[in-house]
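Overview (structure and organization)
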Amino acid sequence: MPYPETTDAFAVNDIKNWSTFKRQELPLKKFEDYDVDIAVDACGVCASDVHTITGGWGEDIPLPLCVGHEVIGRVVKVGSKVTKHKVGDRVGSGAQIGADLTCDNCKADQENYCPNQVDAYGAKHPDGTVAQGGYSSHVRVHEYFVFQIPDNLETHIAAPMLCAGITTYSPLKRLGAGPGKKVGIIGLGGLGHFGVLWAVAMGAEVTVISHTPNKKEDALKMGAKDFIVTKEKGWADNYKFKFDFVINTADATDKFDLSEYFSILKVNGTFHMVGFPDKPLPAMPAQTFAPNGCYMGASHIGNRPEMEEMLQLASKQNIKSWIETIDLSEEGCKQAVERVYKNDNVRYRFTLTNFDKVFGQRA
C-alpha cells in the first residue's frame with residue numbers, strides 16, 4: 001500500500017552490495033497524536049549513512065533499510081496533539097526522531113542522550129516498525145524532533161545542518177567557543193567545514209588541522225586563521241599548549257598518535273570527538289593525559305534548543321553549507337555514497353534533491 005501506510009524509498013537490501021539501492025515501498029510506523037509527516041524535498045548524505053550500510057559500525061542492521069537523516073521538506077499531516085507545526089510548513093528533521101521525553105535526561109534538555117531515543121533510520125519504534133530515513137518520499141517524526149527552517153535558508157543548503165551542522169555546533173557551544181578562545185578543528189570534511197563555520201561565527205580563533213595541505217585555501221575562505229599539516233614531522237612542536245579545545249571530525253583517529261594531538265591543548269583542555277572510525281582507538285597509557293591534564297570526550301548530535309539556536313545563527317549571519325547537489329535516483333544514491341566512502345573530492349557535503357521529479361507533488 002502507498003503512503004500513508006508506507007514510504008516510497010530508495011533502500012539497501014544487502015550490505016555486501018551496500019551501494020546498490022532499490023526503489024521500494026517500506027512500512028511507516030502507526031500514525032499517532034504527536035506525529036508529523038514530512039514530504040521530503042531534500043536530504044543530505046551523511047558519513048553515518050555509509051558507515052551503516054557498509055556494516056562498518058556493525059553488520060546487524062535491519063534490511064531493507066533506507067538511510068538519510070538530514071531531511072528538509074513540507075509538513076503534509078499532523079497528529080491531533082501537535083502544536084509546534086502545521087500542514088504546509090517547511091521543516092527539517094535530523095538523526096533523532098523520537099525519545100520518551102519523560103526521563104531525567106529529556107527533562108534537562110538532554111534528549112539526545114535519552115536511553116529510549118529513536119534514531120531516524122534502523123531503529124525500532126515501540127510498535128516494532130523499523131524507522132526509515134530520508135532517501136524517500138515521506139518520513140514520520142515526533143513533533144519535538146521537527147524544526148522550522150528560517151525563510152532565508154535554502155532547502156538544499158539547510159539540509160546538511162540537520163546532522164553534520166548540529167553535531168559540530170553542540171560541542172562548540174558546550175565547550176564555550178567564543179571571543180578569546182582558540183579552537184582547533186581536525187579534518188575539513190562534511191563535519192569539519194561546519195566546525196569552522198560555526199566557531200568563526202561564534203567569535204573564536206580557528207585553526208584547521210589536516211593531514212594534507214590540499215584544503216588550506218578553502219579553510220581560510222571559511223574564516224580559519226591558521227592551517228596545520230600533520231604529515232609534516234614535528235607538526236605539533238610550535239603549537240604546544242595553544243588550544244582551549246580541539247574538535248576532532250576525522251574518522252581515522254585509530255591511526256593517530258594521540259599524544260601529539262593532546263600536546264597542543266592548554267592545561268585541562270579537551271580533545272573532543274564527533275568523527276567515529278570503524279576501528280577501535282589505539283591503546284595508550286593513562287599517563288598520556290598527564291602532561292597538560294587534558295580530557296578526551298565525545299558527543300551525540302545535539303538537543304532541540306541547540307538546533308534552533310544553530311538555525312537562527314545560520315540565518316542571521318547568512319552561513320551557507322558548502323555542498324554539491326545530486327538528483328535523487330537509484331544511480332544518484334549509489335554515486336553519492338560511493339564518493340563519500342572513497343572521499344572522492346567531496347567538498348563538503350552532498351544533498352540529494354529534485355524529489356518532486358521522482359515522487360510528484362505529495363499531499
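Criteria and thresholds
Residues numbered from 1 in each chain as written. Predicted model: local features only at pLDDT ≥ 70, side-chain atom pairs only at ≥ 80, totals over all residues. Heavy atoms only, no water. Pairing = 2+ DSSP bridges. Helix = DSSP H or I, 4+ residues; strand = E, 2+ residues; numbered from the N terminus. UniProt positions renumbered as here; feature names shortened; annotations may be inferred. Domains from an automatic or database assignment. Buried area = accessible area lost by both parts, 1.4 Å probe. Salt bridge = Lys/Arg side-chain N within 4 Å of Asp/Glu carboxyl O. Expected span 1.5 Å × (residues − 1). Buried < 20%, exposed > 50% of the residue type's maximum accessible area, 1.4 Å probe, protein only. Arc of directions from axis to C-beta. Contact = heavy atoms within 4.5 Å. Axes fitted to C-alpha atoms, helices over the stretch in contact; angles between N-to-C directions. Phe/Tyr/Trp six-rings, centres within 6.5 Å; stacked < 30°, edge-to-face > 60°.

**Quick notes on the pairing of strand E4 (residues 71-78)**
Sheet topology note: the strand E3 (residues 35-45)/E4 ladder contains seven bridges and is antiparallel. The residue bridging Val-36 from the neighbouring strand is Val-78, located in E4. Across four bridges, the pairing between E4 and strand E5 (residues 90-93) is antiparallel. Bridging across to E5, Ile-72 finds its partner in Gly-92.

**Digging into the UniProt feature "domain: Alcohol dehydrogenase-like C-terminal" (unreviewed entry) in the chain**
Cross-referencing UniProt, the feature "domain: Alcohol dehydrogenase-like C-terminal" (unreviewed entry) maps to residues 190-315 in the present numbering. Spanning residues 190-315, this segment combines 29% helix with 23% strand, and its end C-alpha atoms are found 19 Å apart.

**Describing the domain arrangement of the chain**
In terms of domains, the chain is made up of domain 1 (6-162 + 302-359) and domain 2 (165-298). Carbon and sulfur atoms make up 57% of the surface buried where domain 1 meets domain 2, a total of about 2200 Å² over both sides. Sorting the residues of domain 1 by area buried against domain 2 places Glu-306, Trp-322 and Tyr-348 first, and these three jointly supply 30% of that buried surface. The tally of links between domain 1 and domain 2 comes to three salt bridges. Here Glu-309 ties to Lys-173 by a salt bridge, and the two come within 2.9 Å at their closest N and O atoms.

**Comments concerning helix H9 (residues 330-342)**
Between its first and last C-alpha atoms H9 spans 18 Å; for 13 residues at 1.5 Å apiece the expected length is 18 Å, and the two agree. Along H9, the positions that sit buried rather than exposed are Gly-332, Cys-333, Ala-336, Val-337 and Arg-339. Summarising the axial view, the buried residues of H9 lie within an arc of 160°, below the 170-degree limit, and thus occupy one face. In H9, the exposed positions that point more than 90 degrees away from the buried face belong to Tyr-341 and Lys-342. Looking at the buried side of H9, the elements it contacts are strand E1 (6-12), strand E2 (21-27), E3, helix H1 (47-53), strand E16 (323-327) and strand E17 (349-353).

**A word on the sheet that holds strand E14 (residues 265-273)**
Reading across the sheet, the six strands line up as E12-E11-E10-E13-E14-E15 and stay open at both edges, with parallel pairing between neighbours. Each having just a single partner strand, strand E12 (226-229) and strand E15 (295-298) make up the two edges of the open sheet. Neighbour-to-neighbour, the strand axes of the sheet open up by a mean angle of 20°, direction not taken into account. Sheet topology note: the strand E10 (residues 182-186)/strand E11 (residues 205-210) ladder contains five bridges and is parallel. Counterpart to Ile-186 in the pairing with E11 is Ile-209. Of the strands in this sheet, E10, strand E13 (243-248) and E14 are in contact with helix H4 (residues 164-175), which crosses E13 at around 165°. Here helix H5 (residues 190-202) sits on the sheet and contacts E10 and E11; the angle it forms with E11, its principal contact strand, is near 165°.

**A short note on the packing of aromatic side chains**
Here the structure, examined in full by the defined rule, presents 14 aromatic pairs. Ring geometry for Trp-18 versus Tyr-341: centroids 4.9 Å apart, planes at 50°, classification tilted. Here Trp-18, found in the loop between E1 and E2, pairs with Tyr-341, found in helix H9; they are 323 residues apart in sequence, far enough to count as distant. Aromatic pair Phe-355 and Phe-359: ring centres 6.1 Å apart, planes at 55°, arrangement tilted. Of the two residues, Phe-355 and Phe-359 are both situated in helix H10 (residues 355-359); the distance of four residues between them amounts to about one turn of the helix. By the ring-pair criterion, three or more aromatic residues cluster together here, those being Trp-235, Phe-256, Tyr-261, Phe-262, Phe-271 and Phe-289.

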